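# Observations on the three-dimensional arrangement
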Amino acid sequence: TVTYYSVDNAGNTETSKSATFTIQHQLKITVKGGLGVTVTLQNTGTTALDVPWRIELTGHILAGNFKENTTTISAGGQYKIKDQVLGFGKTTITVSADEVSKTATGKILLFFVLGVS
């Protein structure tokens with residue numbers, strides 16, 4: 001709740017007014033490993049969202065290190081992105097969707113992404 005009022009140059013004070021609203025991050029990002037990388041974008045809000053998203057992996061990646069697109073996610077819905085990868089060694093997985101981002105780390109062993117945290 002925000003309460004506000006104004007005071008003019010003569011010192012006259014306006015009666016206080018208020019407005020109540022909710023601020024929330026409507027998008028939740030989950031990153032999992034396994035056979036490639038799976039990212040889930042969940043819309044926790046009450047309206048549909050047009051979500052531009054991007055996934056990038058760093059490290060010794062031979063294939064599958066970058067994807068981006070835009071999707072519409074219904075209110076309360078989710079969208080899963082499966083990214084196949086080929087590589088080895090440590091990786092950093094960066095996911096940005098709308099104004100929210102998440103970074104996870106793991107290890108790539110050929111097609112598998114292990115120990116994502």
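Remember, predicted model here, so these are calculated numbers, not experimental data.

By secondary structure assignment, the location of Asn 43 is in strand β5 (residues 37-43). Among the polar contacts made by the side chain of Asn 43, one reaches the main-chain carbonyl oxygen of Thr 47 at a distance of 2.9 Å. Each residue touching Asn 43, except ones within four places of it in the same chain, is listed here: Gln 26, Leu 27, Ala 48, Leu 49, Ile 73, Ser 74, Ala 75, Gly 76 and Gly 77.

Attention shifts here to the pattern of salt bridges. Tallied over the entire structure, the rule returns two salt bridges. Residues Arg 54 and Glu 56 are paired through a salt bridge, measuring 3.1 Å at the closest nitrogen-oxygen approach. Note on Arg 54: relative accessible area 33%, which makes it partly exposed.

So, about the environment of Gly 87. In this fold, Gly 87 is placed in strand β9 (residues 86-97). Gly 87 sits 27 residues away from His 60 along the chain, and the two C-alpha atoms are 5.6 Å apart. Residues in contact with Gly 87, not counting those within four places in the same chain, are His 60, Ile 61, Leu 62, Ile 108, Leu 109 and Leu 110.

Now for the nonpolar core. Val 39 and Leu 41 are the most contacted members of the largest nonpolar core, which totals 22 residues. Those elements that provide at least two residues to this core are β3 (27-32), β5, β6 (49-63), β9 and β10 (100-110). Discounting chain neighbours no more than four positions away, the residues touching Val 39 are Ile 29, Thr 30, Val 31, Ile 55, Tyr 79, Lys 80, Ile 81 and Val 95.

For Thr 13, the location among the structural elements is in the loop between β1 (2-4) and β2 (17-19). Along the chain, Thr 13 and Ile 73 lie 60 residues apart, while their C-alpha atoms are 46 Å from each other. Setting aside residues up to four positions removed in sequence, Thr 13 forms contacts with Tyr 5, Ser 6 and Val 7.

A separate point is the sheet that holds β10. Spatial strand order, β4-β11-β10-β9-β6-β7: six strands in an open sheet with antiparallel pairing. Edge positions in the sheet fall to β4 (34-35) and β7 (66-73), since each has one partner strand and no second.

In this section: a nonpolar patch on the surface. Side chains of Leu 35, Leu 109, Leu 110, Phe 111, Phe 112 and Leu 114 sit close together on the surface and give an oily, nonpolar patch of about 590 Å² of accessible area. Tracing the backbone through its elements, the reader meets Leu 110 in strand β10.

Right, let's get into the sheet that holds β3. With antiparallel pairing, three strands are arranged side by side in an open sheet as β3-β5-β8. Strand pairing shows two members of the sheet lacking a second neighbour, β3 and β8 (78-83), which therefore form its edges. Between one strand axis and the next, the sheet turns through 15° on average, direction left out of account. Of the strand pairs in this sheet, β5 and β8 are connected by six bridges, and their pairing is antiparallel. Its bridge partner lying in β8, Gln 42 is registered against Gln 78.

About the thresholds
- All residue numbers refer to position in the chain's written sequence, counted from 1.
- Selection of residues for local features in this predicted model requires a pLDDT of at least 70, selection of side-chain atom pairs for listing and counting requires 80 or more, and totals for whole chains, interfaces and linings are taken over all residues.
- For side-chain calculations, the full set of non-hydrogen atoms in the structure is used, while hydrogens and water are omitted.
- Secondary structure elements are taken from DSSP: a helix is a run of H or I of four residues or more, a strand is a run of E of two residues or more, and numbering for both begins at the N terminus.
- Polar contacts, as counted here, are pairs of nitrogen or oxygen atoms within 3.5 Å of one another; within protein the pair requires one atom able to donate a hydrogen and one able to accept it, and residues that are adjacent in sequence qualify only if both atoms are side-chain atoms.
- When checking whether two residues touch, look at their non-hydrogen atoms; a contact exists if any pair is within 4.5 Å.
- Any Lys or Arg side-chain nitrogen located within 4 Å of an Asp or Glu carboxyl oxygen qualifies as a salt bridge.
- Relative accessibility decides the category of a residue: with a 1.4 Å probe and only protein chains considered, values under 20% of the type maximum give buried, values over 50% give exposed, and everything between is partly exposed.
- Residues belong to one nonpolar core when they are buried, are Ala, Val, Leu, Ile, Met, Phe, Trp, Tyr or Cys, and are joined through side-chain atoms within 4.5 Å.
- Should DSSP find at least two bridges between two strands, the strands are regarded as paired.
- Patch definition: residues above 30% relative accessible area lacking any salt bridge, with like charges linked at up to 9 Å and the nonpolar side chains Val, Leu, Ile, Met, Phe, Trp and Tyr linked at up to 5 Å.
- Here the Shrake-Rupley method, with its probe set to 1.4 Å, supplies the accessible areas, and only the displayed protein chains count as covering residues.
- Orientation is described by axes fitted as lines to C-alpha atoms, over the contacting stretch for helices, and by angles from 0 to 180 degrees between their N-to-C directions.

That is the geometry; function is a separate question.
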